[in-house]
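In case you want the letters, here they are:
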Amino acid sequence: MEKIQQALERARQQREGAGTSTEARQGHVEDVQSIVYTRTQSMEGKSETQRENRILSAMEHSDYADAFKILSTQIIQRMEEHQWSSIAITSVGGDEGKTTTAINLGISIAKEIEYTVLLVDTNLRKPELHTYFGIKPERGLSDYLQGDVDLADLLVRPGDVDHFVLLPGGAPLMNSTEMLGSPKMCSLVEELKDRYPKRIIIFDLPPVLNTADTLSFVPCVDCALIVVEDDTTKETELKQTVELLSVTNVIGTVLNKARY
Ligand SMILES: Nc1ncnc2c1ncn2[C@@H]1O[C@H](COP(=O)(O)OP(=O)(O)OP(=O)(O)O)[C@@H](O)[C@H]1O
Ligand SMILES: [Mg+2]
């Protein structure tokens, strides 16, 4: 826990430093301004893989899709109320359904509501979100954070869903906590938010209690959604997670894998 708090403090200090660097901000504005959707590469992927991974782009109308419609409507209502546009998806521990929820929430918003969705794979230790679509992008966020890569070249349109764009994670990073809490990452979030008023940015993150990655990043986003696994997530750990996430606005919880 001490490690997590240290990372949080370090991230705060880094961000305060970032706020004063006009030159750095200007650089990122240019990066983001160069995003043109017509340049975004389309990758349809494999329907079978998407179905196996419970991804809505490959599924027929169902109660499952309806549940995501209800979820996305509530989330958009709450986000609009506060003029929020960025949301982190996280959980207490592993395998609770964060990535599945992040993807399907994004598809549901892009399909039903007049928003464009940008989904970002921010699980930089295990950047596997693209595999849920059966696609193999060559680069991603880790390349952007480590080097001089044009963001527009990293974006893909997976699953053939209109108004839905993915920024893949890229190669796994060992120093993911530092990268996610870096001024460059926080500036990227700010610029993505400023640039397109009708865009929701969804960040798929690792669990809160396993590493400091999520806590070092969440102060950069407007709100966080906690995925809870029925019969698995422990109440004490959930309370601890909610407390730790008080550095942002916890918008709510989603009960996943519910049996009833
Ligand atoms: N509602 C659901 N019903 C049944 N299975 C589900 C549901 N949601 C997710 N799963 C399955 O649970 C597993 C874990 O899901 P997912 O990868 O989305 O979790 P995660 O929280 O992102 O995991 P990690 O902590 O590794 O990032 C996957 O096999 C996924 O298909
Ligand atoms: Mg995941």
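To be clear, the structure that these remarks concern was listed above.
Below: a short report on this structure. (Residues numbered from 1 in each chain as written. Chains lettered and ligands numbered in written order. Predicted model: local features only at pLDDT ≥ 70, side-chain atom pairs only at ≥ 80, totals over all residues. Heavy atoms only, no water.)

## Comments concerning the overall build of the chain
Tallying secondary structure elements over the chain gives 10 helices and 8 strands in all. Sorting the 260 residues of the chain into buried and exposed places 53% on the buried side. Only carbon and sulfur atoms are counted for the fraction: they give 45% of the accessible area of the chain, which is about 12300 Å². (Helix = DSSP H or I, 4+ residues; strand = E, 2+ residues; numbered from the N terminus. Buried < 20%, exposed > 50% of the residue type's maximum accessible area, 1.4 Å probe, protein only. Areas by Shrake-Rupley, 256 points an atom, 1.4 Å probe, with all protein chains shown as cover.)

## A look at the environment of Asp231
Among the secondary structure elements, Asp231 is positioned in the loop between strand 7 (223-229) and helix 10 (235-244). Sequence separation of Asp231 and Asn256 is 25 residues, and the distance between their C-alpha atoms is 9.7 Å. Only 3.1 Å separates the side chain of Asp231 from the side chain of Arg259, close enough to count as a polar contact. (Polar contact = N/O pair within 3.5 Å; in protein donor to acceptor, adjacent residues only side chain to side chain.)

## Thoughts on unusual backbone geometry
The phi dihedral of Asp95 falls on the positive side, at around 65 degrees, and the residue is not glycine. With respect to the helices and strands, Asp95 occurs in the loop between strand 2 (86-91) and helix 5 (98-112). Among the residues examined, Asp95 registers a relative accessible area of 67% and is labelled exposed. Even without a glycine there, the phi angle at Lys257 is positive, about 55 degrees. Turning to its location among the elements, Lys257 is positioned in the segment after strand 8 (249-256). Classification of Lys257 as partly exposed rests on a relative accessible area of 46%.

## Some thoughts on the state of the cysteines
In the structure shown here, the tally under the stated rule is 1 disulfide. There is a disulfide in this structure between Cys186 and Cys220, and the S-S distance comes to 2.0 Å. Handedness of the Cys186-Cys220 disulfide follows from its S-S torsion of about -115 degrees: it is left-handed. With Cys186 in helix 8 (residues 183-195) and Cys220 in the loop between helix 9 (213-217) and strand 7, this pair connects stretches of sequence that are 34 residues apart. (Disulfide = S-S within 2.5 Å.)

## Regarding the site of ligand 1
The immediate surroundings of ligand 1 are formed by 13 residues, with Lys98, Thr100, Lys126, Tyr132 and Asn256 found nearest. A distance of 2.9 Å separates an oxygen atom of ligand 1 from a polar backbone atom of Asp95. Separating an oxygen atom of ligand 1 from a side-chain N or O atom of Lys126 is a distance of 2.6 Å. Across the complex, the protein chains shield 78% of the 630 Å² of accessible surface that ligand 1 would expose by itself. Examining the composition of the shell around ligand 1, we find that 3 residues originate from one element, helix 5, more than from any other. The class makeup of the residues in the shell around ligand 1 is 1 nonpolar, 6 polar and 6 charged. (Near = heavy atom within 4 Å. Nonpolar A, V, L, I, M, F, W, Y, C, P; charged D, E, K, R; others polar.)

## Re the pattern of salt bridges
Under the counting rule described, the total for this entry stands at 11 salt bridges. The partner of Asp213 in a salt bridge is Arg125, and the shortest N-O contact between them spans 3.0 Å. You can see Asp213 sitting in helix 9 and its partner Arg125 sitting in the loop between strand 3 (116-121) and helix 6 (141-146), a full 88 residues away along the chain. Overall, the relative accessible area of 40% leaves Arg125 in the partly exposed class. When the shortest N-O distance is used, the salt bridge between Asp162 and Arg157 registers 3.3 Å. (Salt bridge = Lys/Arg side-chain N within 4 Å of Asp/Glu carboxyl O.)

## A closer look at helix 8
With 13 residues, helix 8 ought to run about 18 Å at 1.5 Å a step, and its terminal C-alpha atoms sit 18 Å apart, in line with that. Every buried residue belonging to helix 8 is among Met185, Cys186, Ser187, Leu188, Val189, Glu191, Leu192 and Lys193, and all of these are buried. (Expected span 1.5 Å × (residues − 1).)

## Considerations on the packing of aromatic side chains
In this structure the tally under the stated criterion is 3 aromatic pairs. Between Tyr64 and Phe68, the ring centres sit 5.2 Å apart and the planes meet at 80 degrees, which makes this aromatic pair edge-to-face. Of this pair, Tyr64 and Phe68 both sit in helix 4 (residues 63-82), 4 residues apart, which is roughly one turn of that helix. Since its relative accessible area comes to 22%, Tyr64 is described here as partly exposed. Phe68 gets classed as buried once you look at its relative accessible area, which sits at 8%. Relative to Phe164, the ring of Phe133 has its centre 6.2 Å away and its plane inclined at 45 degrees; by these criteria the two rings are tilted. In this pair, Phe133 is assigned in the loop between strand 3 and helix 6 and Phe164 in strand 5 (residues 164-167), connecting sequence segments 31 residues apart. Of the residues examined, Phe133 reaches a relative accessible area of 0% and is grouped as buried. Overall, the relative accessible area of 0% leaves Phe164 in the buried class. Stacked on the ring of Tyr144, the Lys or Arg Lys184 has its end atom at 4.7 Å from the ring centre. (Phe/Tyr/Trp six-rings, centres within 6.5 Å; stacked < 30°, edge-to-face > 60°. Lys NZ or Arg CZ within 6 Å of the ring centre and 35° of its normal.)

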